Amino acid sequence: HADGRFRLAVGRSFVLKGTGVVVTGTAHSGAVAIDDRLVVSPGGLEVRVRGIHAQNAAAERGRAGQRCALNLAGAKVEKASISRGDWLVTPDLHEPTSKLDVELRVATRASRPLRHWTPVHVHLGAARITGRVAVLEGDAIGPGATGLVQLVLDAPTVALRGDRVVLRDQSARETLAGGRVLDNDPPTRGRRSAERIAILRALGRPDPAAALAELLELVPGGVDLARYGRLWNVDAAAEVAL
């Protein structure tokens, strides 16, 4: 998305002599400019952008969809402090989580149904994280079928609504399923209740305003609009429109 806050999935980091720490990756949303302040997430390291290469050329800005190399500065910035699988994000998107509610489609050629509490490798951005699948409706999702799950991760990550995920089996040899994130801060208790399933169905709507209208009928006490705007990564003007 060209709009919204900046996010870059870190593919690698290295030290360039005379320049310092550089990270490369794909910008997933928004834009970044020289001297912008970002956070390496989920770790929380604060950094400043000293220089930008976008699509292999020096640039003043990097934008969504581009491959970018960002030269970073900061009091604790070093190669070891930034790893593949991290994200560079605007500070208000730094919300680490170890649980994600996801809409999944199990691969048609999967050798077996995806059962509750199956151990998996979760691929998200440039990260690979182990975890387990909590099936939210029934006990399994059959090959070719779509269902709702909660991914319980062994390490924190950051994600927003709409982010794509791929699941592979425990040995990382078979692709089991693919899907999209619906919620990055789901509850553990009541995750299989009818009320919670209805909320996830609403979050699956393609339009944030339509989803919000449905949620207002479902959520007692209303919706935290600031959190909702971050979840969908809409900018301030879009939040006002909501």
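Below: a short report on this structure. Not measured: the values here are computed from a predicted model.

### Remarks on unusual backbone geometry
Backbone torsion omega between Ser41 and Pro42 reads 20°, so that peptide bond is classified as cis. Within the element layout of this structure, Pro42 appears in the loop between β4 (37-41) and β5 (45-54). The phi dihedral of Gln55 is positive, around 55°, even though this residue is not glycine. Turning to its location among the elements, Gln55 is positioned in the loop between β5 and β6 (57-59). The class for Gln55 is partly exposed, based on a relative accessible area of 47%. Its identity as a non-glycine residue notwithstanding, Ala172 has a phi of 60°, on the positive side. Along the chain, Ala172 falls in the loop between β16 (164-168) and β17 (175-183).

### Details of the sheet that holds strand β15 (residues 146-157)
Spatially, the six strands close up into a barrel ordered β10-β15-β13-β12-β16-β17, and their pairing is antiparallel. For this sheet, the mean inter-axis angle between neighbouring strands, taken without regard to orientation, is 40°. Pairing between β16 and β17: five bridges, direction antiparallel. Bridge pairing in β17 links Leu167 to Ala177. Relative to β17, helix α1 (residues 194-203) is tilted by about 90°, and along the sheet it contacts β10 (97-106), β15 and β17.

### Looking at the side chain of Ser41
With respect to the helices, strands and loops of the structure, Ser41 is situated in strand β4. Side chain to side chain, Ser41 and His94 meet in a polar contact 2.7 Å long. Setting aside chain neighbours within four positions, we find Ser41 in contact with Asp86, Trp87, Val89, His94, Glu95, Pro96 and Val158.

### Some points on the packing of helix α2 (residues 208-218) against helix α3 (residues 225-232)
Axis angle and axis distance: for two packed helices, these are the angle between their axes and the distance between the axes, and together they describe the pair. The interhelical angle for the contact between α2 and α3, taken along N-to-C directions, is 140°, at an axis separation of 12 Å. Compared by their axis directions, α2 and α3 come out oblique. Crossing geometry of α2 relative to α3 is assigned as right-handed. Each of Pro208, Ala211, Leu212 and Leu215 in α2 lies in contact with α3, whose residues at this interface are Leu225, Tyr228 and Trp232. Residues that form the contact of α2 with α3 fall into these classes: seven nonpolar, no polar and no charged.

### Notes on the pattern of salt bridges
Across all of its chains, the model carries twelve salt bridges by this definition. Among the salt bridges present, the one from Arg230 reaches Glu95, with a minimum N-O distance of 3.2 Å. With Arg230 in helix α3 and Glu95 in the loop between β9 (87-89) and β10, this residue pair connects regions lying 135 residues apart in the sequence. In this structure Glu95 comes out as partly exposed when scored by relative accessible area, which is 27%. The residue Glu174 makes a salt bridge to Arg112 at a minimum N-O spacing of 3.7 Å. Highlighted residues: Glu174 in the loop between β16 and β17 and Arg112 in the loop between β10 and β11 (114-115), separated in sequence by 62 residues. Overall, Arg112 belongs to the partly exposed group, its relative accessible area being 45%. Each of Asp101, Asp183, Asp185, Arg196 and Arg227 takes part in a single network of salt bridges with overlapping partners.

Rules of the game
Throughout this description, residue numbers start from 1 for each chain and increase along the sequence as written. Given that this is a predicted model, residues contribute local features only at a pLDDT of at least 70 and side-chain atom pairs are listed and counted only at 80 or more, while totals for whole chains, interfaces and linings are drawn from all residues. Each side-chain value is worked out from all heavy atoms of the structure, with water and hydrogens disregarded. Strands here mean DSSP runs of E at least two residues long; helices mean DSSP runs of H or I at least four residues long; both are numbered from the N terminus. For each residue, the accessible area found with a 1.4 Å probe, counting protein chains only, is set against the maximum for its type, and the residue is called buried under 20%, exposed over 50%, and partly exposed in between. Two strands make a pair as long as DSSP finds a minimum of two bridges between them. Between the N-to-C directions of two axes lies an angle of 0 to 180 degrees, each axis being a line fitted to C-alpha atoms and, for a helix, fitted only over the stretch in contact. Every residue pair with non-hydrogen atoms within 4.5 Å of one another is taken to be in contact. Polar contacts, as used here, are pairs of N or O atoms within 3.5 Å; protein pairs need one atom able to donate a hydrogen and one able to accept it. Residues neighboring in sequence count only if both atoms are side-chain atoms. Working rule for angles: under 35 degrees goes down as roughly parallel, over 145 as roughly antiparallel, 65 to 115 as roughly perpendicular, anything else as oblique. By definition, any crossing whose near helix is turned counterclockwise from its far helix by less than a right angle is left-handed, and any crossing with a clockwise turn is right-handed. In this count, Pro and Cys sit with the nonpolar residues alongside Ala, Val, Leu, Ile, Met, Phe, Trp and Tyr, while Asp, Glu, Lys and Arg are called charged and the others, Gly among them, polar. Throughout this description, the term salt bridge denotes a Lys or Arg side-chain nitrogen within 4 Å of a carboxyl oxygen of Asp or Glu.

Purely geometric stuff here, so don't read any function into it on its own.
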